[in-house]
Amino acid sequence: MNSNGGSEEGRVKKMAITIILLLFCVQLDKCFSFVLHTGGIGYVQQMPRDNDGNEINDSEAEIILESLHKMLKDESSNFSCPHLNCISEDPILLRDQYHGILGRVVILDLTNCPQKSFWINTYGDEDGSMEEMRLMIAANIDQMVNNGIITQPILLSIMVDSPMNNLSSSKNYNEAIKKEMETIIEREISEHSLCSPVSRFHEASYQFESSPKTTSPSLHVQIDGANINGKWDTSDIFVFDDLVSHSLRKRLRDTVLVHSSWDDRNLGPDTQIWERGGLDDILEKDSQTECSCWGLTLEATERLCFQEHKAINEMEMLLSSLFRNSIVCRLPEAVLGYNVSPLTANAATFGDKFSWHIDADPMLNPPSPWVDVFGRYPNRSVGKPRFLSCLVYINENWNYKKCGAPTRFLDPPTETCYDVEARPGRVLIMDQDITHTVVSPNKSAGKAPRYSLVWKLIVHPKTSSQDMKSLFKHSALTKVKKIGSANDSK
């Protein structure tokens with residue numbers, strides 16, 4: 001089907017071009033046309049493909065077509081079998097504002113379908129869209145991805161009245177298709193806030209009330225080492241002890257706690273803003289352990305996330321300046337759903353039980369608009385968004401030797417644990433795919449909670465070939481500590 005065959009020359013050529021597959025369903029007149037964009041977007045001309053390749057190959061095209069045919073024929077017995085045609089075009093280039101896009105797009109065009117009224121009457125929404133039909137087909141494609149039948153997710157769009165079919169030449173039609181694919185991807189990014197920098201919500205000329213002493217980490221921990229796609233990789237933990245000033249730490253604490261007069265040393269967490277079972281900052285929880293822990297109420301979480309807070313703004317601007325070569329965004333709802341908040345807080349008390357967990361992993365994300373646009377990939381991949389969490393210990397006072405309550409990390413290959421001490425004002429920035437847990441305070445802490453404020457972040461690259469392992473400069477004083485399997489690099 002592809003004139004390049006399976007030759008090395010053909011594979012190399014495939015990296016530098018975009019293949020547009022026009023699949024036509026013929027029954028006297030054109031019923032459906034499926035447009036499959038099989039090349040990467042934006043970075044395809046600057047960097048080689050991964051070994052696995054992200055383009056929709058001929059085999060996948062046939063599988064998708066067969067699946068669509070079966071699904072639609074089940075809905076309408078008059079649906080007839082399509083045939084396949086292939087042509088080559090130059091790559092579709094999005095503007096440089098987005099990098100790491102997967103670029104697998106399928107357009108289902110109903111414009112000239114004799115059964116168009118049937119599909120609209122069956123699946124059409126009040127606003128004229130075909131979202132119900134799109135979700136039905138997308139769910140079928142997601143199932144094929146989950147079963148390993150096709151390699152990566154696909155962004156699906158349905159057009160009911162396409163002006164492209166009235167274009168006079170195939171060249172104009174193909175150019176229109178490329179522009180439409182750009183529009184589909186950009187619309188998906190915009191509608192679901194997949195790349196909304198935190199800096200855009202705050203004034204560009206924002207003045208810090210107190211500047212950090214240093215923006216270099218005092219400790220860099222490497223953990224959970226493994227060979228990923230032939231390259232050695234470790235997850236990272238960065239500890240900053242002079243990034244957040246005493247003033248900012250206090251204002252962050254006051255933002256979270258609101259009622260600063262509450263006697264939490266003797267009374268425990270303020271029940272006006274904290275509740276048992278409110279810890280909802282991870283996708284899957286162990287119901288027998290996490291449900292007993294203190295987390296923010298829904299009202300308090302929404303206030304923290306959606307209202308304007310000067311201390312939150314300052315911290316986010318600080319993070320933007322720290323990752324000055326990247327674009328810092330809060331985790332959008334479209335990645336893991338409404339229940340996983342991009343900004344939350346914890347209040348660990350004596351006797352609480354916590355489970356090992358990861359915050360997220362771009363390789364394991366569930367079907368979502370994020371996955372349709374960016375795909376699934378190992379965290380820290382070159383030129384791909386990196387999933388990070390930022391934790392700030394916000395207690396006014398906390399005697400670690402007496403009260404304990406570290407953040408504990410696990411190296412699964414060796415089952416080695418590593419504890420980071422909880423200190424007022426200390427900042428932890430860690431990869432979201434690290435296995436970790438909160439450790440409850442010692443009995444000597446009494447009812448006093450150990451507070452932490454947590455951001456779930458996605459850090460986007462500014463270039464298609466950006467090394468996402470090196471996000472900021474280390475000071476010569478930064479200590480590097482390798483834990484467990486991180487020492488096994490060969």
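Please read all numbers here as calculations on a predicted model, not as lab measurements.

**Considerations on the pattern of salt bridges**
Per the stated rule, a full pass over the model turns up 16 salt bridges. The closest approach of N and O atoms between Arg-276 and Asp-352, which form a salt bridge, is 2.7 Å. Residue Arg-276 is found in strand S8 (residues 274-276), and its partner Asp-352 is found in the loop between strand S11 (343-348) and helix H11 (369-374); the two are separated by 76 residues along the sequence. Between Asp-431 and Arg-386 there is a salt bridge; the shortest N-O distance is 2.7 Å. Residue Asp-431 is located in strand S15 (residues 427-431), and its partner Arg-386 is located in strand S12 (residues 386-393); the two are separated by 45 residues in the primary sequence. Grouping residues by exposure puts Asp-431 and Arg-386 together as buried. Here the residues in one salt-bridge network are Asp-233, Asp-236, Arg-380, Arg-386, Asp-431, Asp-433 and Lys-469, joined through shared partners.

**Comments concerning the packing of aromatic side chains**
All told, the structure shown has three aromatic pairs when counted by the stated rule. A centroid spacing of 4.2 Å and a plane angle of 25 degrees characterise the contact between Trp-370 and Phe-374, whose relative ring orientation is stacked. Of this pair, Trp-370 and Phe-374 both sit in helix H11, separated by four residues, roughly a single helical turn. Taking the relative accessible area as the measure of exposure, Trp-370 reaches 0% and is therefore buried. Judged by its relative accessible area of 1%, Phe-374 falls in the buried class. Here the aromatic rings of Trp-370 and Phe-387 are separated by 5.6 Å at their centres, their planes lie at 85 degrees, and the arrangement is edge-to-face.

**Here's the deal with the packing of helix H3 (residues 116-123) against helix H4 (residues 131-146)**
Following both chains from N to C, one finds H3 and H4 inclined at 90 degrees, their axes separated by 8 Å at the closest point. Compared by their axis directions, H3 and H4 come out roughly perpendicular. For the pair H3 and H4, the contacting residues are Trp-119, Thr-122 and Tyr-123 in the first and Glu-132, Met-133 and Met-136 in the second. For the contact of H3 with H4, the per-class residue count stands at four nonpolar, one polar and one charged.

**Side note on the nonpolar core**
In this structure, Leu-252, Trp-274, Met-315, Ile-429, Leu-453 and Trp-455 are the most contacted members of the largest nonpolar core, which totals 41 residues. In terms of residue count, helix H9 (residues 310-322) provides more of this core than any other element does, six residues in total. One finds Ile-107, Ile-184, Leu-194 and Ile-327 within the second-largest nonpolar core, a separate group that totals 28 residues.

Analysis parameters
Residues numbered from 1 in each chain as written. Predicted model: local features only at pLDDT ≥ 70, side-chain atom pairs only at ≥ 80, totals over all residues. Heavy atoms only, no water. Salt bridge = Lys/Arg side-chain N within 4 Å of Asp/Glu carboxyl O. Helix = DSSP H or I, 4+ residues; strand = E, 2+ residues; numbered from the N terminus. Buried < 20%, exposed > 50% of the residue type's maximum accessible area, 1.4 Å probe, protein only. Phe/Tyr/Trp six-rings, centres within 6.5 Å; stacked < 30°, edge-to-face > 60°. Axes fitted to C-alpha atoms, helices over the stretch in contact; angles between N-to-C directions. Parallel < 35°, antiparallel > 145°, perpendicular 65-115°, else oblique. Contact = heavy atoms within 4.5 Å. Nonpolar A, V, L, I, M, F, W, Y, C, P; charged D, E, K, R; others polar. Core = buried A, V, L, I, M, F, W, Y, C linked by side-chain atoms within 4.5 Å.

Function cannot be inferred from these measures alone, as they are strictly geometric.
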